[in-house]
Amino acid sequence: MAQPESLAELLNGRRAAVDASLPAVGFVAGWLAFGESIWAGAGAAVIVAIGLSIWRLRKGDKPRAVLIGLFVVCVAALIALYTGKAENFFLLQLLSNAASALAWIISIVVRWPLLGIVVGTVLGQRTRWRRDPALLRAYSRGSWVWVVQYVIRVAVFLPLYQAGQLAALGTARVVLSGPLVAGCLAVSWWVIRRNLPADHPGLRHPVVEEPVQKAAS
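Conventions and cut-offs
- Residues numbered from 1 in each chain as written.
- Predicted model: local features only at pLDDT ≥ 70, side-chain atom pairs only at ≥ 80, totals over all residues.
- Heavy atoms only, no water.
- Helix = DSSP H or I, 4+ residues; strand = E, 2+ residues; numbered from the N terminus.
- Buried < 20%, exposed > 50% of the residue type's maximum accessible area, 1.4 Å probe, protein only.
- Contact = heavy atoms within 4.5 Å.
- Areas by Shrake-Rupley, 256 points an atom, 1.4 Å probe, with all protein chains shown as cover.
- Axes fitted to C-alpha atoms, helices over the stretch in contact; angles between N-to-C directions.
- Parallel < 35°, antiparallel > 145°, perpendicular 65-115°, else oblique.
- Arc of directions from axis to C-beta.
- Phe/Tyr/Trp six-rings, centres within 6.5 Å; stacked < 30°, edge-to-face > 60°.
- Core = buried A, V, L, I, M, F, W, Y, C linked by side-chain atoms within 4.5 Å.

**Student:** Quick one: what's the story with the overall build of the protein, residue by residue and with numbers?
**Tutor:** In terms of helices and strands, the protein carries nine helices and zero strands. Counting over 217 residues, the protein shows a buried share of 42%. Within the protein, counting contacts between residues at least 6 apart in sequence, those at least 24 apart form 71% of the total. Total accessible area computed for the protein in this model is approximately 12,000 Å², and 65% of it derives from carbon and sulfur atoms.

**Student:** Requested: an account of the side chain of Ser 53, with residues and values cited.
**Tutor:** Inspection of the secondary structure puts Ser 53 in helix 3 (residues 38-58). Discounting residues that sit within four places of it in the chain, Ser 53 has contacts with Val 66 and Leu 70.

**Student:** Requested: an account of the environment of Gly 26, with residues and values cited.
**Tutor:** Checked against the element boundaries, Gly 26 lands in helix 2 (residues 13-33). We classify Gly 26 as buried; its relative accessible area is 10%. Measuring from C-alpha to C-alpha, the distance between Gly 26 and Gly 41 comes to 6.8 Å, with 15 residues separating the pair along the chain. Ignoring anything within four residues of it in the chain, the contact list for Gly 26 reads Gly 41, Ala 44, Ala 45 and Val 48.

**Student:** Account for the packing of helix 3 against helix 4 (residues 63-83), naming residues and giving values.
**Tutor:** At their nearest, the axes of helix 3 and helix 4 sit 9 Å apart, and the two run at 180° to each other. By the angle between their axes, helix 3 is roughly antiparallel relative to helix 4. Contact residues: Ile 38, Trp 39, Ala 42, Ala 45, Val 46, Ala 49, Ile 50, Ser 53, Arg 56 and Leu 57 in helix 3; Pro 63, Val 66, Leu 70, Val 73, Cys 74, Ala 77, Ala 80 and Leu 81 in helix 4.

**Student:** Tell me what's going on with helix 8 (residues 166-175), and back it up with residues and numbers.
**Tutor:** Each turn of an α-helix holds 3.6 residues, which means side chains three or four residues apart point in the same direction. Burial in helix 8 covers these residues: Leu 166, Leu 169, Gly 170, Ala 172 and Arg 173. Taken around the axis of helix 8, the buried residues stretch over an arc of 165°, which confines them to a single face.

**Student:** Outline the packing of aromatic side chains, supporting the account with residue identities and numerical values.
**Tutor:** We describe a pair of aromatic rings using the distance from one ring centre to the other and the angle between the two ring planes. Under the counting rule described, the total for this entry stands at six aromatic pairs. Here the aromatic rings of Phe 27 and Phe 89 are separated by 4.3 Å at their centres, their planes lie at 10°, and the arrangement is stacked. Taken together, the residues span a long stretch of sequence, with Phe 27 in helix 2 and Phe 89 in the loop between helix 4 and helix 5 (91-109) at a distance of 62 residues. These aromatic residues form a ring-pair network of at least three members: Phe 27, Phe 89 and Phe 90.

**Student:** Give a detailed account of unusual backbone geometry, specifying residues and quantitative values.
**Tutor:** One non-glycine residue with positive phi stands out, namely Arg 111, at about 65°. Structurally, Arg 111 is set in the loop between helix 5 and helix 6 (114-122). With a relative accessible area of 49%, Arg 111 lands in the partly exposed category. The residue Arg 126 is not glycine, and still its phi comes out positive at about 55°. Arg 126 gets classed as exposed once you look at its relative accessible area, which sits at 74%.

**Student:** Account for the nonpolar core, with residues named and values stated.
**Tutor:** Membership of the largest hydrophobic core comes to 25 residues, with the highest contact counts inside it found for Leu 7, Leu 115, Tyr 139, Trp 146, Ile 192 and Leu 203. Put simply, the parts of the chain that give this core at least two residues each are helix 5, helix 6, helix 7 (133-163) and helix 9 (178-195). For this core, the element with the most residues is helix 7, which contributes nine residues.

So, in structure tokens, the structure goes:
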């Protein structure tokens, strides 16, 4: 099989995960520095998110993706302010991971694995990859690694959230962002390669049998 770039290179997942964890660090830092003030934590998180947004735009990231990231941080801060509970800054994170685990499981069951959809979109293949049985199988098995990733986060975040352990939530947010995503990318890439035949040309070249055109009568 050809040796193309890894999933980490294709999806740029590790950098995005690290960036996404910084507003949470800002929230916890502001909360602690100003006597457990939710307002200070929310303000610090939004300031960090705005700084990251400016930096991403200057690096050439798509404005839509940048604005979505900023919007999510603002919503998380507003939830914490509205409820008066600092741990609710992490509520969206908890719910999104639970929903993601369910969505990835469903995608595998219906034979539209999200890993294939994401990579196929990045490579501009649309649904061509799905007509390659080997790729479909590899993406399905690789997608289970992502399910495990989300389940791990929920299993860690939920008890900390219920106990109101804000500092621990912030620490878990960092540990379960960059390092966990890097591990998930590496393991799912290994699973994909392991499940593709040795002579398969790789992710960029789905092996699809084109329908035979009938000769005109």
